[in-house]
Amino acid sequence: MITECIVLAGGLGTRLRSVVADKPKCMAPVGKHPFLYYLLKYLQEQGITHVILSLGYKSEQVIDWCQEANLDIEISFVIEEEPLGTGGGILLAMSKVKGNEFFITNGDTFFGVPLNEFYNFHQQKQSALSLALKPMYQFERYGSVELDENDRITAFLEKQFREEGLINGGIYLTSKQYLQSLGFPQQFSFEKEVLEKSKALYGFISDTYFIDIGVPDDYARVQTELGS
């Protein structure tokens, strides 16, 4: 089992400014704790022992909280001095990954994927990069993902209203060896340059709890769903 996870938590959170001012999204209060607390607890319960936080906007708030929270999990930090895009943030954080394979997730998304099952799927498919996909119904906020009969991803479709479909839940499983072999610059989009251009991605479907707090409506919803 893989025990390391990169958490991308450097975003500005501009869409949440109306309800959460002057905080990075991962520090948005949910009940008695910041959102990051619930994410780290989930990762810990799933067997993750080392988290690498890729930070940017107001990184000092995240670091101070982690040092005071006394969580029973090893946390390392990398800080983007300038925006590097999701891909650049991952490459920067990889410098702190001790092993070869690792998970990646977003600091503003909670997706309760059973990571051990995800890892077994990744191994069985002999995949270089796997995505966790969430079944959704009557949605338009997210693009959708199509799979073939072998769970290989065949298309990423643009955002539009759909009665049902699979969305990219923002949890990935890959390796240093694979990402370094692609030879990307310091600044790039992981979604555009890796996910949409690779021909050998696999999708693991997990119909478990999912929420993205990036907009005020879902931030309000998470207060009762996680905060209580």
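Our subject is the structure that appears above.
Residues numbered from 1 in each chain as written. Predicted model: local features only at pLDDT ≥ 70, side-chain atom pairs only at ≥ 80, totals over all residues. Heavy atoms only, no water.

Next up on the list: the packing of helix H1 (residues 35-45) against helix H2 (residues 59-69). Following both chains from N to C, one finds H1 and H2 inclined at 55°, their axes separated by 11 Å at the closest point. One way to sum up the angle between H1 and H2 is to call them oblique. When you trace H1 past H2, the crossing you get is right-handed. Packed against H1, whose contacting residues are Leu36, Tyr37 and Leu40, the element H2 presents Val62, Trp65 and Cys66 at the interface. The residue inventory of the contact of H1 with H2, partitioned by class, reads six nonpolar, no polar and no charged. (Axes fitted to C-alpha atoms, helices over the stretch in contact; angles between N-to-C directions. Helix = DSSP H or I, 4+ residues; strand = E, 2+ residues; numbered from the N terminus. Parallel < 35°, antiparallel > 145°, perpendicular 65-115°, else oblique. Left-handed = near helix turned anticlockwise from the far one by under 90°. Contact = heavy atoms within 4.5 Å. Nonpolar A, V, L, I, M, F, W, Y, C, P; charged D, E, K, R; others polar.)

The subject of this paragraph is the packing of aromatic side chains. Overall, the coordinates contain 10 aromatic pairs when judged by the stated rule. Summarising the aromatic geometry, the rings of Tyr42 and Phe110 are spaced 5.3 Å apart at their centres and angled 50° between planes, so their arrangement reads as tilted. With Tyr42 in helix H1 and Phe110 in strand S7 (residues 109-111), the pair connects residues that are 68 residues apart, well separated along the chain. A single burial state applies to Tyr42 and to Phe110, both of which are buried. Taken together, the aromatic side chains of Phe103, Phe118, Phe121 and Phe204 make up a single cluster linked through ring pairs. (Phe/Tyr/Trp six-rings, centres within 6.5 Å; stacked < 30°, edge-to-face > 60°. Buried < 20%, exposed > 50% of the residue type's maximum accessible area, 1.4 Å probe, protein only.)

This part takes up helix H7 (residues 216-225). All of the buried residues along H7 are Asp218, Tyr219 and Val222. Buried residues in H7, looked at end-on, bunch into an arc of 105°, giving them a common side. When the buried face of H7 is taken as reference, the exposed residues oriented beyond 90 degrees from it are Asp217 and Thr224. Turning to H7, the residues buried within the fold contact strand S2 (29-30), H1 and strand S13 (210-212). (Arc of directions from axis to C-beta.)

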